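What follows is the residue order along each chain.
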Amino acid sequence: MKRWFLASMLVTALAGCIPIGTNPSDALLISDLRYESNFRDASGRSYICDNKLTTLTYSFRYNDFARIARWDSRLVGEVTGQATHTLSMNRESGGYTNQNNRITVNWVLSQGTAPLSVAPQGIVVTPVPQPRQIGATRLELTVFATNGSSARLVFPGIPVIDNCP
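All values derive from a computational prediction rather than experimental measurement.

Turning our eyes to something else, we now look at the sheet that holds strand β8 (residues 102-109). Judged by pairing direction, the sheet is antiparallel, and its five strands sit side by side in the order β1-β2-β4-β8-β7 without closing on themselves. Strand pairing shows two members of the sheet lacking a second neighbour, β1 (18-20) and β7 (96-99), which therefore form its edges. The average undirected angle you get between the axes of adjacent strands in this sheet is 30°. Sheet topology places β1 next to strand β2 (residues 28-37); three bridges connect them, and they run antiparallel. Of the residues in β2, the one forming a bridge with I20 is L28.

Given below as structure tokens:
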């Protein structure tokens, strides 16, 4: 039953609006999930640059700000399932913008902090290395409503690139 519920929440997330709570009259509605980074490939797809500071910007829409208790975001390795960064925020914490029923967070990631990052290597004189994908990470967002309910939302995998120019 629990797996079906989580699967239906994911389907709902992909389809549009996610209700958080069992009573429709006081449910928090989350929709229009988005993310981007300050690095993009030739096709416009965002990625995390493992060897440079990366700003990952994510946002979501809501129906009633007063119903949001807090939200937690985590970066999780697509293959390993390892979480490396967690960011918890609430209405009073600051560090986000809130305009037109949309919360936007600019999350600055240090070098080598994305899941699947490459361990430091010995110094070897080689030609300038080319950028290469070393893995992928996903952004998981859990939104907690004031009515005690919560929902975990998963953004699609974000490529992690090493040797960014």
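Resuming the write-up.
Locating S46 in the fold gives a position in the loop between β2 and β3 (48-49). For S46, the side chain forms a polar contact with the main-chain nitrogen of S37, separated by 3.0 Å. Here R40 takes part through its side chain, which lies 3.3 Å from a polar atom of the side chain of S46.

All right, on to the pairing of β2 then. Successive side chains on a regular strand alternate, one facing one side of the sheet and the next facing the other. In this sheet, strand β4 (residues 54-62) lies alongside β2 in antiparallel orientation, the contact comprising six bridges. Within the sheet, the bridge partner assigned to Y35 lies in β4 and is Y58.

How each quantity is defined
Residues numbered from 1 in each chain as written. Predicted model: local features only at pLDDT ≥ 70, side-chain atom pairs only at ≥ 80, totals over all residues. Heavy atoms only, no water. Pairing = 2+ DSSP bridges. Helix = DSSP H or I, 4+ residues; strand = E, 2+ residues; numbered from the N terminus. Axes fitted to C-alpha atoms, helices over the stretch in contact; angles between N-to-C directions. Polar contact = N/O pair within 3.5 Å; in protein donor to acceptor, adjacent residues only side chain to side chain.

Note that all results are geometric; they support no functional claim without further evidence.
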